[in-house]
Amino acid sequence: MAKRTYDVVVIGGGPGGYGCAIRLGQLKQKVVCVEKEEVGGVCLNWGCVPSKALISASHTYEKVKDHGATMGIMTDGIRVDVNKMQEWKGGIVKKLTGGIRGLFKGNGVELVMGNARVTGPRTVEVKTNEGGTETLEATKAIVIATGSSTIEIPSFKFDGKQIIGAKEAVSLQSVPKRLIVIGGGVIGLELGMVYQKFGSELTVVEATAGLLPGVDPDCTAVVEKKLVKRGAKVLKNAKATGYEKNADGSLAVKVDLGGGKHDTLVADTVLVAVGMRPNGGGLGLEEIGVKVERGFVPTDPLGKTNVDGIYAIGDVSGHPMLAHKATKEGEVIAEVIAGHKAAKDWVAIPAAIFTDPEIAVAGLTEAQAKEKGYEVRIGKFPFAALGRAMAVHETEGFFKVVANKKTNELLGVHIVGPEASDLISEGALALEMHAFLEDIGLTIHPHPTLGEGFMEAAMNGLGHAIHILNREQK
Ligand code: NAI
């Protein structure tokens, strides 16, 4: 059996693992990354990136089809070629995963394709995809970056064709006529809205009282309104309990609506998107004394587990399960391993939800700030009051800033509207810099841009936004 020695062995080549491996390479550490499927992980191959390509295609299609005439663009005969779209999406994924392999090479990171198992505090055994076995020795550290997997509901076992998860949903070769999404969370709404725009009749079955649990309900309401306006059925406090196959091949899906009420809905495809579970089990970690809790591998601010030399980053190390959080953790932990002064120490982890309109958040919601004992000052500004939003013909939504009423220090930023996912970065920076509403309001924002809304929301909090009437705050 071959045995090779490195400074660090990184298990998992997703945004956490590849970011960590590249940073280790930059820091001149001898590093190997083990990946069993494809570098880039879920995010690049089956998640963030392919879904955004489809979201952008569906947005362009709908905008031109439904709003082109308003803008003077006549679009007779517009149609969707799903195969061509998938081909384009596949090209983007290929370019990005190829890019990571190139970055590995350029930074001296070795890649082993195979299934890794930790066999000791400094050893990893890999069953390679080519059928061999290799032992990798890590003189300094092993980094667990194994991510998370789709949760399956027992009564809706994935068949890859009609009962599908996000992985299959980004690779459909045709548009389902009737689509039921179980789970009104991030994946359910992002992908549900894609197929709705391409013509699917959409039903969302959500177990709790609201869509996107945890997100500011003012923001969620804007998305829900648009979903329903386009004809979707949104069933809340509802549970899909099982299904039967109809003679014509469609599915009769039974839904418990609560309060003793039941319904049966017909669907051609059911997308199950009820969350992800962390992949901390089955890696041999418990056997060598590493604490694993419900699949999570808990760590301290330096990314260390309870066993010396073993680190964890990304989804497997805890919420939120977001690619950018994983990458940043990977970078930081690489520096810790290389002996630099570094720690996971941030004010906010922004989140972007690519619904229509987009939602993006950083920091505390109004409710969370109040729970923490703050007296809050709220500033709001609607996209409808921005000339640029009118010019791009997307005026739904608003900026909302939450600040400490006593000091005006910014506590949270919530944006629902066009390009919210890009606009939130300024909010995240403001939070990291402990900015006050005055800092944001006095920063000159170029005109005409969507970003002016952040400045105006801050000024609204202070009672003097220019382009809306300001209501006095008590
Ligand atoms: P999620 O946690 O966002 O949403 C799952 C939803 O399913 C929740 O609303 C929950 O109440 C509901 N649910 C749970 N069990 C149910 C049942 N039996 N019947 C009906 N509803 C049920 O999980 P999702 O959408 O699967 O996403 C997984 C992860 O991927 C999340 O952690 C998310 O952060 C991440 N993600 C992030 C994206 C982004 O940042 N844009 C995009 C896609 C995924």
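To start, this report covers the structure provided alongside it.

Parameters at a glance
Residues numbered from 1 in each chain as written. Predicted model: local features only at pLDDT ≥ 70, side-chain atom pairs only at ≥ 80, totals over all residues. Heavy atoms only, no water. Pairing = 2+ DSSP bridges. Helix = DSSP H or I, 4+ residues; strand = E, 2+ residues; numbered from the N terminus. Expected span 1.5 Å × (residues − 1). Buried < 20%, exposed > 50% of the residue type's maximum accessible area, 1.4 Å probe, protein only. Axes fitted to C-alpha atoms, helices over the stretch in contact; angles between N-to-C directions. Left-handed = near helix turned anticlockwise from the far one by under 90°. Contact = heavy atoms within 4.5 Å. Nonpolar A, V, L, I, M, F, W, Y, C, P; charged D, E, K, R; others polar.

With that out of the way, let us pick up the pairing of strand S13 (residues 261–267). Inspection of the sheet shows strand S12 (residues 251–258) paired to S13 by 7 bridges, in the antiparallel sense. Following the sheet pairing, Lys-254 is matched in S13 by Thr-264. Turn length for the S12-S13 hairpin, with the two strands adjacent in sequence and antiparallel, is 2 residues, and the turn residue Gly-259 shows positive phi of about 60 degrees.

With 12 residues, helix H6 (residues 186–197) ought to run about 16 Å at 1.5 Å a step, and its terminal C-alpha atoms sit 17 Å apart, in line with that. Among all positions of H6, only Gly-188, Leu-189, Glu-190, Leu-191, Gly-192, Met-193, Val-194, Tyr-195, Gln-196 and Lys-197 are buried.

Moving on: the packing of helix H3 (residues 48–67) against helix H4 (residues 82–106). Contact geometry for H3 and H4: axes closest at 9 Å, N-to-C directions at 140 degrees. When the axes of H3 and H4 are compared, the crossing they make is right-handed. Contacts from Val-49, Pro-50, Ala-53, Leu-54, Ser-56 and Ala-57 in H3 reach Met-85, Gln-86, Trp-88, Lys-89, Ile-92, Val-93 and Leu-96 in H4. Partitioning the contact of H3 with H4 into residue classes produces 10 nonpolar, 2 polar and 1 charged.

Right, let's talk about the sheet that holds strand S7 (residues 163–164) for a bit. Taken in spatial order, the 5 strands line up as S7-S14-S8-S9-S10 in an open sheet, and their pairing is parallel. On the outer flanks of this sheet lie S7 and strand S10 (233–235), each paired with one strand and no other. Summarising the sheet, strand S9 (residues 201–205) and S10 pair through 3 bridges and their orientation is parallel. Residue pairing in the sheet places Val-205 in a bridge with Leu-235 of S10.

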